[in-house]
Every structure is written in C-alpha cells, then in structure tokens.
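Given next are the chains, with one letter for each unit.
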Amino acid sequence: MKKNTLIEKIDPDNIDSKVVEQFGKMLADGKTVIFPTETVYGLGANALDEQAASKIYIAKGRPSDNPLLVHVAEREDINPLVVDMDERAKKLIDRFWPGPLTIVFKKSDLIPKVTSGGLDTVAIRMPSDKVARALIKASGVPIAAPSANLSGKPSPTKPEHIIADMDGRVDGILVGGFCDFGVESTIVDLSDDVPMVLRPGAITLEMLKEVLGDVILDPSLSSHDDNIKAKAPGMKYKHYSPNANIFMVTGGIDRFVELSEFLLEMRANDEKKIAILCMKQNISRFEELKLKFKNVHVLSLGCTYEEVARNLFDVLIDLDRRNIDVAYAETFEETGIGVAIMNRLKKSAGYKFV
Ligand code: AMP
Ligand code: MG
C-alpha cells in the first residue's frame, strides 16, 4: 500500500529543531524516515522495535538475511546494545567516531533478530552528520538505517535520488544536501585476532592499521569466486547496478582512449547509447571521439579520488536518467579510498573488465 510520505527540507547549517522533533517522534512511534548522513542517505527505523525494523526490509525490497546497520547519537548509547566490548573497539571509537566507521559487536538481547538479520552480532556506527545525530537524539532510540535505495540499486547521495524511488514507500523523508563522502561506511570485524574490513570505505585500511597494527581485507572482496563467502551478508548480493551494462577499462588512460574508439567503431550501427566515465582531467582526451560518434556521453567522475568516491553513485544513477545502454569506466588504484571506489565499481559492473 502506498504511504503518505511527509517530505521536509532541512538546512544542516541552521537545523530547525521543530522539524527534527517531528521526525524524531515518527521514528519513536515505529515509523520509517529517510535522512542524510555523511556517507549516503539512510532509511531509518527504531532498531529495537521488530515491527519498525521489518518495515525497512519491505521499503527497500531487502532480503531478510541482510542485517541492518545501527546508528547511535552518542558513544555511551552503544553500551546497552553490545556485550564484551573489545579494547580494540574502544581505540577505534576514540579515533574515528563520530564518522564513517562501522564496528561489528557481539549483540545484547535488546537487539532483535530482525535488525541483526538473524546473526548474534550487530554492526554499529555513530554518524558525524549533524542532521543525522540530531534526529537520532530526538528519537531517543538507536536507529537501524541501511542505505535508502531499492535493494540492488546504487546508494543515494542526493535528495533527488530518493524522492523518485522512495516517495510512497516510507513515512518521512528529511531532505538535506549532497552527502560528504558518497560511499557507505567502512565495516570492521574484530571477532578474530586480526581485524578484518568487511566493506571498504572512507576510513581506509591504512588509517585502521595506524590504530590496530595488522588489518586485512575480507578475501571475498578481492575475488569474484562464489565459493569464497563474504563475512558481511550483504556483500554477496547484486549491488549498485544501474540498467546500463558497465565495463571497467584497465591499463591507463591512453589505452582507454584507444580502446573506446575501437569499441565504438564496432558498435557504430547498433544504436546503443554509450557513456564514458572518467576523471575530469581526462575528459578532453575524448573530444575527438565525441565529434565522431554522436551517441556518446563523456561524464566526469571528479578530479581527485575523494571526489570520485563522492560522485560515483550520482554518476551511476545519472546513467539511468540518460537512458545509457553501455558504459565504459576508468579504473583506479586500489590504495586509500581507491579500494572503496573499486569495490563499488566492480560490483556495479558485475566484475567485467575490458
Ligand atoms: P547498508 O546499510 O545497505 O549499507 O548495508 C549494511 C551492510 O552491513 C551490509 O553489507 C550488511 O551485510 C552488513 N552488516 C550489517 N550487520 C552486520 C553484522 N552483524 N556482521 C557483518 N556484516 C553486517
Ligand atoms: Mg546498501
């Protein structure tokens, strides 16, 4: 049944406390609210209320074994939610909270199975976004909030990404600005001796190593072998996929330019709409191609790796708006935030390299 969605704008630099109170009360009453965070927009509900949390799965079309991330407003708020607080978790919290780092804890009985996707652990973070923090505080409860996209689609980083897909599926949408980081939080698991990153994000492996010493990336992230099981249940699902068929181009920009010309020649008669996704400084390299082939869109991913991370989902969503059939994307070095960029890009491309 279509819901009557309350949509309100909020200025992060001048937060209207009446609006925050109103949406906080909706969450306290078991309703669903979409809100901005510094990573991507989240689709929130009371993490402690089974019925409320189950509405998130319905709104997103999310498989029920894919657990929800829980968001808290203050560090102390995690105490009732977890058991056996690890010393390493404390160090990470001191260094990176509030911010885009999610830590997996052994859960207390307060967290219902619906929220944890049936696991005995719970993934928690404390966002730095002012609107998110104010809203969680106003609700008075921890908020389960996965990304606010339909399951399988790119995560939303701008208000316009949400309104089209989610109006009528949730009770409220709090409209803020363009999310700062643009990729979802780093998820770290401390259940083994060596901490493991289950999902790379803006808190990079290098940053985690500074605090924890040895840290590894979940081996399933480096390989597309279905036999290697991902530790984060959600990582196994099809993800970030626009309608366009995406291919990643390896071997540097000179090869990208040459190969694009060759591929476009081959496709000259099939009337497909093609997009080239590259860094802004490389756009001029495709000028000739644009003159020669009228069906080509050359889209900028940004000038720096940070900008690419911030823009990536927006550009992927834009492919559908432009009805692009096939996209060729530049690839990035897998260091720093490049690991998170390539993780999202590989998934959106179904691991297809040319
Ligand atoms: P999303 O909120 O849509 O960005 O997805 C949350 C991600 O966190 C998914 O990939 C989940 O599988 C993962 N996740 C949530 N809870 C846990 C947990 N307890 N252990 C491992 N991964 C988790
Ligand atoms: Mg998601």
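Residues numbered from 1 in each chain as written. Chains lettered and ligands numbered in written order. Predicted model: local features only at pLDDT ≥ 70, side-chain atom pairs only at ≥ 80, totals over all residues. Heavy atoms only, no water.

A separate point is unusual backbone geometry. Each neighbour pair has its own omega, and for Trp 97 with Pro 98 the value is -5°, a cis peptide bond. Its place among the elements puts Pro 98 in the loop between helix 3 (87-96) and strand 6 (101-107). Positive phi values are uncommon outside glycine, yet Asn 323 reaches one of about 55°. As for its placement among the helices and strands, Asn 323 is situated in the loop between helix 10 (305-321) and strand 16 (326-330). One non-glycine residue, Tyr 351, lies in positive phi territory at about 60°. For Tyr 351, the position within the fold is in the segment after helix 11 (338-348). (Helix = DSSP H or I, 4+ residues; strand = E, 2+ residues; numbered from the N terminus.)

Here, UniProt's "binding site: ATP" (unreviewed entry) annotation points to Arg 62, Asn 66, Thr 121, Ser 147, Ser 155, Arg 199 and Tyr 240. In three dimensions, the annotated residues from a span of 179 residues occupy distinct locations, with a maximal C-alpha spread of 25.1 Å. Following the sequence through the fold, Asn 66 ends up in the loop between helix 2 (50-60) and strand 4 (69-71). Inspection of the secondary structure assignment puts Tyr 240 in the loop between strand 12 (216-217) and strand 13 (245-249). In this structure Tyr 240 touches Gly 152, Lys 153, Pro 154, Ser 155, Glu 184, Phe 313, Leu 316, Arg 344, Lys 347 and Ser 348, once residues within four positions along its chain are discounted. (UniProt positions renumbered as here; feature names shortened; annotations may be inferred. Contact = heavy atoms within 4.5 Å.)

Turning next to the site of ligand 1. Around ligand 1 there are 20 residues in total, and Asn 66, Thr 121, Pro 146, Arg 199 and Gly 234 lie nearest to it. Separating an oxygen atom of ligand 1 from a side-chain N or O atom of Asn 66 is a distance of 2.8 Å. Ser 147 places a side-chain nitrogen or oxygen 3.1 Å from an oxygen atom of ligand 1. Contact with the protein chains removes 96% of the 500 Å² of surface that ligand 1 exposes when unbound. When residues of the shell around ligand 1 are traced back to their parent elements, those giving at least two are strand 7 (121-125) and strand 11 (196-199). Here the shell around ligand 1 takes 3 residues from strand 7, the largest share from any one element. Considered class by class, the residues forming the shell around ligand 1 number 12 nonpolar, 4 polar and 4 charged. (Near = heavy atom within 4 Å. Polar contact = N/O pair within 3.5 Å; in protein donor to acceptor, adjacent residues only side chain to side chain. Areas by Shrake-Rupley, 256 points an atom, 1.4 Å probe, with all protein chains shown as cover. Nonpolar A, V, L, I, M, F, W, Y, C, P; charged D, E, K, R; others polar.)

We now examine the sheet that holds strand 14 (residues 274-278). With parallel pairing, 4 strands are arranged side by side in an open sheet as 13-16-14-15. In this open sheet, the two edge strands, each paired with only one partner strand, are strand 13 and strand 15 (296-300). The average angle at which neighbouring strand axes cross in this sheet is 20°, direction not considered. Where strand 14 and strand 15 come together, 5 bridges link them in parallel fashion. Directly across from Ala 275, in strand 15, lies its bridge partner His 297. On top of the sheet, helix 11 reaches strand 13 and strand 16; it is set at about 135° to strand 13, its chief contact. (Pairing = 2+ DSSP bridges. Axes fitted to C-alpha atoms, helices over the stretch in contact; angles between N-to-C directions.)

Here is a general trend for soluble globular proteins: nonpolar side chains tend to be buried in one another's company. With 45 residues, the main nonpolar core has Ile 34, Leu 92, Trp 97, Leu 101, Ile 103, Phe 105 and Ile 124 as its most contacted residues. For this core, the element with the most residues is helix 2, which contributes 5 residues. Other than its neighbours up to four places away in sequence, Ile 124 contacts Val 70, Val 72, Ile 78, Leu 81, Val 82, Trp 97, Leu 101, Thr 102, Ile 103 and Phe 105. In terms of nonpolar packing, the next biggest core, distinct from the first, is built from 29 residues, Ala 202, Ala 275, Leu 299 and Phe 332 among them. (Core = buried A, V, L, I, M, F, W, Y, C linked by side-chain atoms within 4.5 Å. Buried < 20%, exposed > 50% of the residue type's maximum accessible area, 1.4 Å probe, protein only.)

This paragraph deals with the packing of helix 10 against helix 11. Two elements in contact, helix 10 and helix 11, have axes separated by 9 Å at closest approach and are oriented at 20°. The angle between helix 10 and helix 11 falls in the class roughly parallel. The element helix 10 and its partner helix 11 pack so that their crossing is left-handed. For the pair formed by helix 10 and helix 11, the contact residues are Tyr 305, Val 308, Ala 309, Leu 312, Phe 313 and Leu 316 on the first element and Gly 338, Ile 341, Arg 344, Leu 345 and Ser 348 on the second. Here the contact of helix 10 with helix 11 is composed, by residue class, of 8 nonpolar, 2 polar and 1 charged. (Parallel < 35°, antiparallel > 145°, perpendicular 65-115°, else oblique. Left-handed = near helix turned anticlockwise from the far one by under 90°.)

On to the side chain of Thr 37, then. Of note, Thr 37 is situated in the loop between strand 2 (33-35) and strand 3 (42-46). For Thr 37, a relative accessible area of 3% gives the class buried. A distance of 2.7 Å separates the side chain of Thr 37 from the backbone oxygen of Val 40, its partner in a polar contact. At 3.3 Å, the side chain of Thr 37 and the side chain of Arg 125 are in polar contact. What Thr 37 contacts, discounting residues up to four positions off in sequence, is Gly 42, Arg 125, Asp 129, Ala 132 and Cys 179.

What follows covers the environment of Val 296. Among the structural elements, Val 296 can be located in strand 15. Given the relative accessible area of 9%, Val 296 is considered buried. Sequence spacing of Val 296 and Val 194 is 102 residues, and the spatial spacing of their C-alpha atoms is 47 Å. Contacts of Val 296, omitting those with residues within four sequence positions, involve Leu 264, Ile 274, Ile 276 and Lys 290.

Moving on to helix 7 (residues 205-212). Listed in full, the buried residues belonging to helix 7 are Leu 205, Leu 208, Val 211 and Leu 212. Considered in projection along helix 7, the buried side chains sweep an arc of 125° and stay on one side of the axis. Where the residues of helix 7 are buried, they touch helix 3, strand 6, strand 10 (186-189), strand 11 and strand 12. Directly beyond the C-terminal end of helix 7, a positive phi value near 80° is found at Gly 213. (Arc of directions from axis to C-beta.)

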